[in-house]
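Residue strings, one per chain:
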Amino acid sequence: ALLIGSSGLDAAREDECIRRFKAAGAAALIVNPAIRGRRSAELEAWIQAHRPLVLEGHPGAWILPADLAARSDQVDLDNRGGIRLSIEHLRSRGHTRLAYFTSGSPSRSERLAAFEELAAGTGTGAWVLTDLPDSREGGRQALQRILAARPEDRPSAAICAGSEQIALGLVAGLRQAGLRCPEDLSVVCFGDNRVSDDPAGSAELTSLEFSQEELTRTLLNLLREQMSGERRPPRHVRLPMELRVRSSSGPTSSTIAIGGTP
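Residues numbered from 1 in each chain as written. Predicted model: local features only at pLDDT ≥ 70, side-chain atom pairs only at ≥ 80, totals over all residues. Heavy atoms only, no water.

**Focus on the sheet that holds strand β4 (residues 97–101)**
And then number 1: Spatial strand order, β5-β4-β6-β7-β8-β10: 6 strands in an open sheet with mixed pairing. Both outer strands of the open sheet, β5 (125–129) and β10 (242–244), are each paired with one neighbouring strand and no more. On average, each strand axis in the sheet is inclined to that of its neighbour by 20 degrees, with strand direction left out of account.
And then number 2: In this structure, strand β7 (residues 186–190) lies alongside strand β8 (residues 206–209), joined through 3 bridges in parallel fashion. Within the sheet, the bridge partner assigned to F190 lies in β8 and is L208.
And then number 3: Along the sheet face, helix α6 (residues 136–148) touches β4 and β5 and points at about 135 degrees away from the line of β5.
And then number 4: Sheet contacts for helix α7 (residues 164–176): β4, β6 (157–160) and β7; angle to β7, the most-contacted strand, approximately 165 degrees. (Pairing = 2+ DSSP bridges. Helix = DSSP H or I, 4+ residues; strand = E, 2+ residues; numbered from the N terminus. Axes fitted to C-alpha atoms, helices over the stretch in contact; angles between N-to-C directions. Contact = heavy atoms within 4.5 Å.)

Have a look at this one:
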């Protein structure tokens, strides 16, 4: 039997889900650990009992202590590789001032650390806004900060590292302000790989995407190995990302002026 529960990434709800699964006789768990609330006693107890478990998601945001997370199999995206692909793509289109927008915290963020390091290494000017609302309102707030800056200081492209909702809000805000995407601001995001509430908007976004089938296969294979009794060190797997270039990213306005048709 397969049991599915949603914690909303909240530790108290995570505890309740795991208690219910244990009561139902669950033998193994795949968990996207909580990022809000107090520490999850049920998840920590499961790990300490050496029961089959795979953690999925971004370790830097978890409440789960790092020493306990390190004992478990983990599956995450190649966040550094995704940021590198984004910066390389945007720089190839003439962008030298980039923004990084996210709903996440700057603390222990692998994506943010990669952005700051790679931007500095390529001489790219960098804006960073964190803790934005994880919604279209987050994109609108980011745009307000851009428009409040002097034109010569504004970024010409943005990487939205939270959900694609921030990117959709950013694009919608640009159009409401009488600006254009990508001519006035190119936008790249990390794709949600889920059903969108705005298919037309999502179809415009240049996004970093991964194979959901490969993710599922990897999670289940790791869980099966543990359930078979195989003795081995914990495995930490990073899945590759692919940059899908769509209409939300393009050359800078200066590139268009010099080169003619983009």
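Still more to cover.
**Re the pattern of salt bridges**
And then number 1: Considering all chains together, one arrives at 21 salt bridges under this definition.
And then number 2: For E209, the salt bridge identified is with R244, shortest N-O distance 3.8 Å. Taken together, the positions of E209 in strand β8 and R244 in strand β10 put the pair 35 residues apart, joining distant regions of the chain.
And then number 3: Between R244 and E242 there is a salt bridge, with the nearest N and O atoms lying 3.2 Å from each other.
And then number 4: For E242, a relative accessible area of 43% puts it in the partly exposed group.
And then number 5: A single salt-bridge network, built from bridges that share partners, covers D73, E225, E230, R232 and R235. (Salt bridge = Lys/Arg side-chain N within 4 Å of Asp/Glu carboxyl O. Buried < 20%, exposed > 50% of the residue type's maximum accessible area, 1.4 Å probe, protein only.)

Functional significance is not addressed by these values, which are geometric in nature.
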